[in-house]
Amino acid sequence: MGKEYDETLNKSLRISISVFWCVFLLKVLLNANPFYAAIAAVSCLQGAVKDSVKIGIERVIGTIFGGLMGLLAIYFITTEASDFKGSFIMALSMVIIIFGCTYVLKKPSSNTIACIVFLGIATNMEGRDPYFWAGKRILTTIVGVIIALTCNWLLNGEYKYLERYKNRYKKK
């Protein structure tokens, strides 16, 4: 069918296997919500492992930054943005997050996930403990990134390079 078809099939299989492990490990074994881990796995999985590592690191950085900003905003928003003050803080936080990711952290590609995590924490508390919610959100994202990187590394066959490297130096 062609190279493009093969690449698409390969990527879709790596993503689906990564999502399977996120759901199985978190939902089935740990009874935790696999949603954020699965999103992380889908969004950071690229063709080469080195590209996935770069995207994964930026996703984790954005998740942590957005989570911390969400916790900070909760102190100022007592009604989860159901009034003018809360809505204004939400909007202002977007500017702070984007500038923070771009100029302070120097990771502009983490802007989107940082804003999404912020909104997920600051607008979706519904009586949850903010520290637990933010920590769980950050942890499940990291789990999803690790699963995606592991699946990508194994299924792309890049682990074979490590074996060749080890074997080259064992013989000497």
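Structure's up top.
Peer 1: So what's going on with the pattern of salt bridges? Which residues, and what values?
Peer 2: For the structure on display, the rule yields two salt bridges. Notably, a salt bridge pairs E7 with K3, separated by 3.8 Å at the nearest N-O pair. Here E7 pairs with K3, and both are found in helix 1 (residues 3–29), just four residues apart, close to one helical turn. Salt-bridge contacts for E58 lead to K54; the nearest nitrogen and oxygen are separated by 3.8 Å. Note that E58 and K54 are positioned in helix 3 (residues 49–76) at a spacing of four residues, about one turn of the helix.

Peer 1: Account for helix 5 (residues 111–122), with residues named and values stated.
Peer 2: Taking 1.5 Å of rise per residue, twelve residues should cover 16 Å, and helix 5 covers 16 Å from first to last C-alpha, within 8% of that figure. In terms of burial, helix 5 is largely enclosed, as nine of its twelve residues are buried. Burial in helix 5 covers these residues: N111, I113, A114, C115, V117, F118, G120, I121 and A122. Against helix 3, helix 4 (84–104) and helix 6 (130–155) lie the buried residues of helix 5.

Conventions used here
- Residues numbered from 1 in each chain as written.
- Predicted model: local features only at pLDDT ≥ 70, side-chain atom pairs only at ≥ 80, totals over all residues.
- Heavy atoms only, no water.
- Salt bridge = Lys/Arg side-chain N within 4 Å of Asp/Glu carboxyl O.
- Helix = DSSP H or I, 4+ residues; strand = E, 2+ residues; numbered from the N terminus.
- Expected span 1.5 Å × (residues − 1).
- Buried < 20%, exposed > 50% of the residue type's maximum accessible area, 1.4 Å probe, protein only.
- Contact = heavy atoms within 4.5 Å.

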